[in-house]
Amino acid sequence: MSENTTPGSREGQLVLALDTSTASLAAALVRGDEVLRDIQSLAERNHSVHTVSVVKELLSECGIAPEELAGIAIGRGPGSYTGMRIAVSVGKTLAWVWQKPLVGVSSLEALAYGAWQTGADNASSVGANRPVWIVPIMDARRGQVYTGTFEASAADVSSSSFPAAWKRLAKDGIRLMHDWVDRLAADVKEMDAASRPAAIWIVGELQLHEAEAERLRNLCPEVEVAAFPYILEGRSVAALGLSRLAAGESDDVHTFIPNYTQLTEAEVKLQERTASQQHNAVGGAGKHDGH
């Protein structure tokens, strides 16, 4: 649920950003376009131990008091089921205690936006008059990825017009990487030459999916396909959060939840066990009645 406030400029607004949806704990303190401190901690399965201390470190090293914050930006996933709940829980608690606006952002969008900003110096080489598709991926095991698609304008990459030059093309979700590549290629084929993107960037967790990125390159010879690893940064979560705050948006602290895209294995096994127990109970009752 969004709570509308008076829209304003992001210039000078100070935001604390957190994301624990991946193996990297990403956190940052950002004031407008200035990154005061950005922390990446590769401590998979230990986010619950480090997140609060990282927040304290950020505030202490930058000499920032909680009352100075304009809001708290939280990456809400999709991603690691257990991991993303940590940032959400910490963010909700801090927002409630400090009485600050809470804004949730897509972790995939933050991944895509950060990769775009990092590689933006090369954007002019792919055609200033045609957009670039950015496809973030996070490994979801069994050949699946958490992914979506975003479009950015190479012509506007150096401007401060965010989010005008940035838009979503496909919603976040969990997909088979093989099928996702087929869909991306089909989307490109259906477009006329003038409408096609100048390039497609596949960014994020590529270790297990480089072969599929190469297959997309072969399927789309008319488009430049680039693939490069990128680790989510807190500054990207902050940028998206500041955009929402400037638009007067915030989320309800009590109802805010992560973007769950699938059941955990434990939940699947629990459902299977429950169904089996119910089946056995019905079968047992039937035998008893027959006896």
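See above for the structure.
Residues numbered from 1 in each chain as written. Predicted model: local features only at pLDDT ≥ 70, side-chain atom pairs only at ≥ 80, totals over all residues. Heavy atoms only, no water.

This paragraph deals with the side chain of Ser21. With respect to the secondary-structure elements, Ser21 resides in the loop between β1 (14–19) and β2 (24–31). Among the residues examined, Ser21 registers a relative accessible area of 3% and is labelled buried. A distance of 2.6 Å separates the side chain of Ser21 from the side chain of Asp19, its partner in a polar contact. (Helix = DSSP H or I, 4+ residues; strand = E, 2+ residues; numbered from the N terminus. Buried < 20%, exposed > 50% of the residue type's maximum accessible area, 1.4 Å probe, protein only. Polar contact = N/O pair within 3.5 Å; in protein donor to acceptor, adjacent residues only side chain to side chain.)

The omega angle of the peptide bond from Gly77 to Pro78 is 5 degrees, so this bond is cis rather than trans. Within the element layout of this structure, Pro78 appears in the loop between β4 (71–75) and α2 (81–98). Backbone geometry at Arg141 places phi at a positive 70 degrees, although glycine is not the residue there. Secondary-structure assignment places Arg141 in the loop between β6 (131–139) and β7 (144–153). Of note in this structure, Arg142 is not a glycine but carries a positive phi near 55 degrees. Within the secondary structure layout, Arg142 lies in the loop between β6 and β7.

The next subject is the packing of helix α3 (residues 107–118) against helix α6 (residues 234–246). One can describe the packing of α3 onto α6 by two numbers: an axis separation of 8 Å at closest approach and a directional angle of 110 degrees. In this view, α3 runs roughly perpendicular relative to α6, as classed from their interaxial angle. Across the interface between the two elements, Glu109, Ala110, Tyr113 and Gly114 of α3 pack against Ser236, Val237, Ala239 and Leu240 of α6. The residue inventory of the contact of α3 with α6, partitioned by class, reads 5 nonpolar, 2 polar and 1 charged. (Axes fitted to C-alpha atoms, helices over the stretch in contact; angles between N-to-C directions. Parallel < 35°, antiparallel > 145°, perpendicular 65-115°, else oblique. Contact = heavy atoms within 4.5 Å. Nonpolar A, V, L, I, M, F, W, Y, C, P; charged D, E, K, R; others polar.)

This part covers α3. The end-to-end C-alpha separation of α3 is 16 Å, in line with the 16 Å expected for 12 residues at 1.5 Å each. With 10 of 12 residues buried, α3 is to be regarded as a mostly interior element. A side-chain oxygen of the first residue of α3 lies 3.2 Å from the backbone nitrogen of Leu108; this N-cap is Ser106. (Expected span 1.5 Å × (residues − 1).)

This part covers the pattern of salt bridges. With the rule as written, the count across this model stands at 14 salt bridges. Here Arg235 ties to Asp38 by a salt bridge, and the two come within 2.6 Å at their closest N and O atoms. With a gap of 197 residues between them, Arg235 in helix α6 and Asp38 in strand β3 (residues 34–42) connect regions that are remote in the sequence. On the basis of relative accessibility, which here comes to 37%, the residue Arg235 falls in the partly exposed class. Judged by its relative accessible area of 18%, Asp38 falls in the buried class. Note that Arg244 and Asp251 form a salt bridge whose closest N and O atoms lie 2.7 Å from each other. By relative accessible area, which is 15% here, Arg244 ends up buried. Salt bridges linked by common partners bring Arg37, Glu57 and Glu61 together as one network. (Salt bridge = Lys/Arg side-chain N within 4 Å of Asp/Glu carboxyl O.)

As a further point, take the sheet that holds strand β9 (residues 199–204). With mixed pairing, 5 strands are arranged side by side in an open sheet as β8-β7-β6-β9-β10. The sheet is open, and its two edges are formed by β8 (166–176) and β10 (224–229), each paired on a single side. Averaged over neighbouring strand pairs, the angle between their axes works out to 20 degrees when direction is ignored. The pairing of β9 with β10 spans 6 bridges and is classified as parallel. Within β10, the residue paired with Gly204 across the bridge is Pro229. Sitting on the sheet, α3 is in contact with β6, β7, β8, β9 and β10, with an inclination near 125 degrees to β6. The strands touched by helix α5 (residues 210–219) within the sheet are β9 and β10, with β10 carrying the most contacts at an inclination of about 170 degrees. (Pairing = 2+ DSSP bridges.)

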